[in-house]
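A closer look at the structure
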Amino acid sequence: MLTKFETKSNRVKGLSFHSKRPWILASLHSGVIQLWDYRMGTLIDRFDEHDGPVRGVHFHQTQPLFVSGGDDYKIKVWNYKTHRCLFTLLGHLDYIRTVQFHHEYPWIVSASDDQTIRLWNWQSRTCISVLTGHNHYVMCASFHPKEDLVVSASLDQTVRVWDIGALRKKTVSPADDILRLSQMNTDLFGGADAVVKYVLEGHDRGVNWAAFHPTLPLIVSGADDRQVKLWRMNETKAWEVDTLRGHMNNVSCVMFHAKQDIIVSNSEDKSIRVWDVTKRTGIQTFRREHDRFWILAAHPEMNLLAAGHDSGMLVFKLERERPAFAVSGESLFYCKDRFLRFYEFSTQREMQVIPIRRPGSTSLNQSARTLSYSPTENAVLICSDVDGGSYELYVIPKDSIGRGDSLQEAKRGLGTSAIFIARNRFAVLDKSNNQVLAKNLKNEVVKKSGLPIPTDTIFYAGTGNLLCRSEDRVVIFDLQQRLVLGDLQTPFVKYVVWSNDMETVALLSKHAIIIASKKLVHQCTLHETIRVKSGAWDENGVFIYTTLNHIKYCLPNGDSGIIRTLDVPIYITKVSGNTIFCLDRDGKNKDIVIDATEYIFKLSLLRKRYDHVMSMIRNSQLCGQAMIAYLQQKGFPEVALHFVKDERTRFNLALESGNIQIAVASAKEIDEKDHWYRLGVEALRQGNAGIVEYAYQRTKNFERLSFLYLITGNMDKLSKMLKIAEVKNDVMGQFHNALYLGDVQERVKILENAGHLPLAYVTASVHGLQDVAERLAVELGDNVPSLPEGKVPSLLIPPSPVICGGDWPLLRVMKGIFEGGLDSVGRGDVDEEEEEEGVEGDWGEELEMVDADGLQNGDVTAILEDGEEAEGNDEDGGWDLEDLDLPPEVDTPRVSVNSRSAVFVAPTPGMPVSQIWIQRSSLAAEHAAAGNFDTAMRLLSRQLGIRNFAPLRSMFLDLHAGSHSYLCAFTSAPVVSLAVEWGWNESASPNVRRPPALVFNFSQLEEKLKAGYKATTGGKFKEALQLFLSILYTIPLIVVESRREVDEVKELIIIVKEYVLGLKMEVSRRDIKDNPVRQQELAAYFTHCNLQMPHLRLALLNAMTVCYKAKNLATAANFARRLLETNPTNENQAKTARQVLQAAERNMTDATQLNYDFRNPFVICGATYVPIYRGQEDVSCPYCSSRFVPSQEGQLCAVCDLAVIGADASGLLCSPSQIR
């Protein structure tokens, strides 16, 4: 029994599957009807208008309706789309037991404890017939799937079959008048619409259920006499065929299985039983501990059953439907209907190979589970669950493929799984002894080998290798050398799919896909909410897989997406190009053509195959929000730009990719202030003054415009801005513009007009405008401000701009990967020569240089090499150049363009010093100093397992700032950054670069250590803790010269770690108020940290005092003894210790039990502060080497707060001498 879904709820009395969607209705004893999605395992809806238990429920086959009947005598018809009850049918006088829609007519049949069965028309909402005849509760009633019959079961110990043919004739309009007349007569004089056809008597107690066979003239019934009876009927009579005995209590429900010759019944004896119809014997029993079963339901189209019990319901399958198959090159071997079959992908030819079915089996799940094929020997291994797990080995005669008749005896053996591991060897798992038996094709054991982990299944992993699976991990095991080649923690793996080159493997579990290398190095994990079913690799290294309802893809970096949806689950056998070959649940081969554009496009981006990306953009119909978001997320906004029509999105993408032209076009379309402002910011960043000006003009941002004109030295426009400010009467704006222009008279005039005469006077007199100053002095009279004595005034003159007018020169314009290629997208096809030229542009080989005279970018014709012609021949037109009579080419020696050229060629920039620093260095400090924080963090992660970089942030910044100096050449020029090198002197060669000067060194740490000791002695624990922690934070970024110093650094880590651990325990001890036992423990553990002698004495004194006060005299005496052994120099300490010893000797007992045994050596867990005694398992921090209990593995170290406990790390690297 394969349980697919289970719920916990009140007692379930009615169940119904939806015919198309993965839904099931469950009606409960509490009056609620639940609608579940059994595929997702979620409750979709609940309907609770019934009063009291709801015993019957049923979905309509085509309409969005379901019907329910309950103990409130009501039948309700609901629309599940609108979530409401449409109407209620009243008429029954007692509890309603079952309700069912007719598969064709608008009818509902209902059975009730009022001893009647009623037929209703749900369209006219009336009762069309009442079937009377039973003389006790009618427990169930249902329509025949094909004929006009109803079967009912009652506690009067009978099953009745009713003929409702007359009712159908009556509802379907008669064709001729005579029939219509006879029908009117029937109506007038009363005629039976439904008559009893048979009464089946044979049960000794009340019958709870009866059901028709979907195709054969059979009925099955179950009753309180604990029996299941099988009945047969023909046109005239019905008779009992057989009785199935086995249930120990009332049989509550029974039905035929639509796909197999079996009967399924359930009972109040807490079991579901499966019976063979032909042999009339029990095949299997499924039991529950405490829950009686009440109802069964079968899916109308799929191989699913559901059963309701006292505390919920379960949806299950009786047998697996996955065909066993194995792919070998272009062919597929698979099992179907007792035959091994063969299918060729290239020709799509399929045929029977050999019959493989054993004699009729006595239980379910006997079909082939896995299949393994050896192509050279043409041998097949088939594993199944027969006899608790066994295999069969068939060697197929070469000529028999296609004949399918040669019956041969298989070689059999026991073993839960068997696979070929070499040409003529196969491995069988012996689970009980956890070993693998290697056998040859004669089925003889050649070799036995124990397995490294408790294994429940083995898979193929290359010649001679096995992939062993346990509950939570898989390992690859080499049988020859008995070595573990790889190990990976995984969820429970169900299937394993190797790529064609055996380099990558996909491990499929129920809800996840793990992709790993052939040595089981983890690459990515994908999680699915819906069950994963199968998968295969395509030739590009993309994993294509199916869930219950989708075909999806997974790229090597873990990105996934949907290719298409599925109606029914399929099992992928092979992916070839854009065709997926698969098997369905009936074992039929299918091929599905898919559109692979999306994932091939993403793969090309991932692999940087930009030529592919280009051609796909030109030719395919890729688009959609998801694709744009993907490109943006992956850092290709310039590509996303070509998919987007929406102007706002285009604008954002253009800004992100720095494409100013497109951004301007979009901003014009949108024309909003915010967009113009953002465009201005980006254009300013690029130094494109023209567009900055345009953006500011559109938003009338006069202050910014004035400042722009100042820095670009555009004095004419600045004077215009001054006039605009005058017109707008903006005094502040006028003053600013006058200041920017350096126009003193104008400034004085503005101040005077604004009434600021003292300011106007000061300005005039400072700038030497004496006549104006005198005139203002007269106006001011006595209020003339005094100027400071003995100071030389300096004039406010605006700085001269570096470059006047035009855009800022961009020394080196690298074209984006896609720009050149994408600009031609709109122009239709590009001919080959143009294509060739375009490629060069795509890869940014040519640099657009700037003329020495400061011409605008792009105005300079490229320096053409010999043999290349300028595009377009009319360029010479305006220059009036004449052809020169030149001597033959031989005589003119070629001069390199750069040596002497009329056009200035900018020098190629050298490599920045910071880049030289990191080229050969593996020291994190040097990478941080160079500003390469990313690689510095990666190095620390690899060397010391550090994951938390927050405490190191300020140190990274200090290192970077400390190894660079900055020069300001003149006001408007950018600041020049200079690298500060360690040990530099003037005689050093300019080409040899020294390592960076670092702000942290080892002597600083020694000073901090002394300060930490001092604070500890003074009892300032929190201050000491900060000092010790700052040492731990600085050590990863220290660089020392010699090996001896390296050892000292490592020693310092251990010293500081002991103090940090001890002080953290002491600080937390002081915070504990209400737990004296824990206080004593922490004080005791503190004495076991490796401290300096004065501190150890203080710790012992402290522990002794705490324990003595808490009446733990024996423990206190131990501390006193240890204290005296250290020969304390302070007489008071010694005296106290002796007194404690004397007091304890009178009464050597402990009032409370502590988790502390000083006789047994231990270390202290840095997170939980509990002792880890010698011999117990522990894990350590790769950086500070603190020890922890195993449950802390994977957490951040609580001592250093930097590294991950138990992480793999190569060790501290702090000196170039370690690398040499």
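What counts, and where the lines are drawn
- Residues numbered from 1 in each chain as written.
- Predicted model: local features only at pLDDT ≥ 70, side-chain atom pairs only at ≥ 80, totals over all residues.
- Heavy atoms only, no water.
- UniProt positions renumbered as here; feature names shortened; annotations may be inferred.
- Phe/Tyr/Trp six-rings, centres within 6.5 Å; stacked < 30°, edge-to-face > 60°.
- Helix = DSSP H or I, 4+ residues; strand = E, 2+ residues; numbered from the N terminus.
- Buried < 20%, exposed > 50% of the residue type's maximum accessible area, 1.4 Å probe, protein only.
- Lys NZ or Arg CZ within 6 Å of the ring centre and 35° of its normal.
- Pairing = 2+ DSSP bridges.
- Axes fitted to C-alpha atoms, helices over the stretch in contact; angles between N-to-C directions.
- Contact = heavy atoms within 4.5 Å.
- Expected span 1.5 Å × (residues − 1).

As named in an unreviewed UniProt entry, the chain is Coatomer subunit alpha, taken from Rubroshorea leprosula. Annotation of the chain in UniProt includes, under Subunit (unreviewed entry), the sentence "Oligomeric complex that consists of at least the alpha, beta, beta', gamma, delta, epsilon and zeta subunits."

The next thing to look at is the packing of aromatic side chains. Under the defined criterion, the tally for this structure stands at 32 aromatic pairs. Geometrically, the ring pair formed by Y1013 and Y1059 is tilted, given 5.3 Å between the ring centres and 50° between the ring planes. You can see Y1013 sitting in helix α23 (residues 1002–1017) and its partner Y1059 sitting in helix α25 (residues 1043–1071), a full 46 residues away along the chain. The exposure classification of Y1013 matches that of Y1059, with both residues buried. If you follow K13 out to its NZ or CZ, it ends over the ring of W294, 3.8 Å from the centre.

In this section: the sheet that holds strand β24 (residues 271–276). With respect to topology, 4 strands assemble into an open sheet ordered β22-β23-β24-β25, the strand pairing being antiparallel. The open sheet is flanked by β22 (251–256) and β25 (281–287), the only strands paired with a single partner. Pairwise comparison of adjacent strand axes, ignoring direction, gives a mean angle of 20° for this sheet. Pairing geometry for β22 and strand β23 (residues 262–267), over 5 bridges, is antiparallel. Within β23, the residue paired with V254 across the bridge is S265.

Our next topic: the sheet that holds strand β16 (residues 158–163). Overall, antiparallel pairing links the 4 strands, which are arranged β14-β15-β16-β17 in an open sheet. Unpaired on one side and paired on the other, β14 (138–143) and β17 (195–201) mark the two borders of the sheet. Direction aside, the axes of adjacent strands within the sheet are offset by 20° on average. Here 5 bridges tie strand β15 (residues 149–154) to β16, and the two strands are oriented antiparallel to one another. Counterpart to V150 in the pairing with β16 is W162.

Once that is clear, we can look at the side chain of S1030. Summarising the element assignment, S1030 is placed in helix α24 (residues 1021–1034). Sequence-distant contacts of S1030, that is, excluding residues within four places in its chain, are made with M955 and K1008.

What follows deals with unusual backbone geometry. Here N378, not a glycine, exhibits a phi torsion of approximately 55°, which is positive. Structurally, N378 can be placed in the loop between β33 (368–374) and β34 (379–384). We classify N378 as buried; its relative accessible area is 5%. At R482, a residue that is not glycine, the phi angle is positive and equals roughly 55°. Mapped onto the fold, R482 is located in the loop between β43 (473–478) and β44 (483–489).

Attention now moves to the pairing of β22. Of all 6 residues that make up β22, 6 are buried, and the element is covered over most of its length. Hairpin remark: β22 followed by β23, antiparallel, with 5 residues in the connecting loop.

Further remarks concern helix α27 (residues 1093–1109). Here α27 spans 24 Å end to end across 17 residues, near enough to the 24 Å set by a 1.5 Å rise per residue. Among the residues of α27, H1095, L1096, R1097, A1099, L1100, N1102, A1103, M1104, V1106 and C1107 are the ones counted as buried. On its buried face, α27 sits against α23, α25, α26 (1076–1086), α28 (1113–1125) and α29 (1131–1146). Just downstream of α27, K1111 is the residue with a positive phi angle, here 70°.

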